[in-house]
Amino acid sequence: QKEVEQNSGPLSVPEGAIASLNCTYSDRGSQSFFWYRQYSGKSPELIMFIYSNGDKEDGRFTAQLNKASQYVSLLIRDSQPSDSATYLCAANNAGGTSYGKLTFGQGTILTVHP
Amino acid sequence: NAGVTQTPKFQVLKTGQSMTLQCAQDMNHNSMYWYRQDPGMGLRLIYYSASEGTTDKGEVPNGYNVSRLNKREFSLRLESAAPSQTSVYFCASSAQGPSNQPQHFGDGTRLSIL
């Protein structure tokens, strides 16, 4: 069973709308969560990370974490066509020998149409 | 600032050939990682090195070997390439510290095994 699950999409939203990307994880020992954006043919780039329950905002992006329900989400406000990419969710379990390792979901393809 | 540099960017091999993928980082990071990315599979960890002098298996280590040459360099070797190893390979690095240390990725190596 995959430890980090994402809906592969594609998720299609109109320009200017809010895009909501969701991720669930199975390992309760996971402590930090990362969202990466990956354009086609490019490498993943970090958008933001979160490790405390609640919301964390950075510009048009808001990450939300609910450890009790084991889900993390990313909201993109005022979506732009340039936001069209694959979004990867990753979980970090810093306990024991897994220190520093990330487990990635399969990614959600987001398409923002004009 | 180069960040994480991978060479080569593209490579075509015949089944049974060997090759080494090179990775170097200039961010003074302690930890380095090798991933492969296949369509619909997200990023899967092959091997990682938590610090200079140590290496550990990840999720999909079979058919690969690694060497942490020094703090900057971490190489991935395919001893006898197989078509199943056709993939995009990413190297990443991160600082050590609290579990919220993000990983920074290189541009990737696109490898085809015929």
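The preceding data block contains the structure.
Procedures and definitions
- Residues numbered from 1 in each chain as written.
- Chains lettered and ligands numbered in written order.
- Predicted model: local features only at pLDDT ≥ 70, side-chain atom pairs only at ≥ 80, totals over all residues.
- Heavy atoms only, no water.
- Helix = DSSP H or I, 4+ residues; strand = E, 2+ residues; numbered from the N terminus.
- Rg over C-alpha atoms; globule rule 2.2 N^0.38 Å.
- Buried < 20%, exposed > 50% of the residue type's maximum accessible area, 1.4 Å probe, protein only.
- Contact = heavy atoms within 4.5 Å.
- Areas by Shrake-Rupley, 256 points an atom, 1.4 Å probe, with all protein chains shown as cover.
- Lys, Arg positive; Asp, Glu negative; His and termini not counted.
- Charge placed at Lys NZ, Arg CZ, Asp CG, Glu CD.
- 1 Å grid on protein atoms, 1.4 Å probe; cavity = no way out; pocket = protein on both sides within 12 Å on 5 of 7 lines; lining within 4 Å.
- Points joined across faces, edges and corners; volume = space filled by probe spheres on them.
- Nonpolar A, V, L, I, M, F, W, Y, C, P; charged D, E, K, R; others polar.
- Phe/Tyr/Trp six-rings, centres within 6.5 Å; stacked < 30°, edge-to-face > 60°.
- Lys NZ or Arg CZ within 6 Å of the ring centre and 35° of its normal.

What follows covers the overall build of chain B. The number of helices and strands found in chain B is zero helices and 11 strands. Counted from the first residue to the last, chain B has its helices and strands arranged as β-β-β-β-β-β-β-β-β-β-β. Relative to the 2.2 N^0.38 estimate, which gives 13 Å for 114 residues, the radius of gyration of chain B is 13 Å and therefore close to what a compact globule would have. Seen through its C-alpha atoms, chain B measures out along the principal axes to roughly 40 × 25 × 25 Å. Across the 114 residues of chain B, 48% fall into the buried class. A sequence separation of at least 24 residues applies to 55% of the contacts in chain B between residues at least 6 apart. Total accessible area on chain B stands at roughly 5100 Å², and carbon and sulfur atoms take up 49% of it. Of the side chains in chain B, 10 bear a positive and 8 a negative charge, and the two mean positions are spaced by 5 Å.

So, about the layout of surface pockets. In this structure, the largest pocket occupies an estimated 500 Å³ of space. Of all the secondary-structure elements, those providing two or more residues to the lining of the largest pocket are β9 (85-92) and β11 (108-113) of chain A together with β9 (87-94) of chain B. Each residue belonging to the lining of the largest pocket can be placed in one class, and the counts come to seven nonpolar, 12 polar and three charged. In this structure, the second largest pocket spans a volume of roughly 290 Å³. If you trace the second largest pocket, you find 22 residues lining it, with Glu3(A), Lys101(A), Leu102(A), Thr103(A) and Glu59(B) closest to the centre. For the lining of the second largest pocket, the secondary-structure elements that each account for two or more residues are β9 and β10 (102-104) of chain A together with β5 (43-49) of chain B.

With that settled, the discussion passes to the packing of aromatic side chains. All names here are of chain A. Considering all chains together, one arrives at 12 aromatic pairs over all chains under this definition. A ring pair is formed by phenylalanine 49 and tyrosine 51, whose centres lie 6.2 Å apart and whose planes are at 15°; its orientation type is stacked. Cation over ring: lysine 56 sits above phenylalanine 49, and NZ or CZ is 3.9 Å from the ring centre. Above the plane of the ring of phenylalanine 61 lies arginine 60, whose end atom (NZ or CZ) is 5.5 Å from the centre.

On to the environment of Ser67(B), then. Mapping Ser67(B) onto the fold places it in strand β7 (residues 64-68). A C-alpha to C-alpha distance of 9.9 Å links Ser67(B) and Glu52(B), two positions 15 residues apart in sequence.

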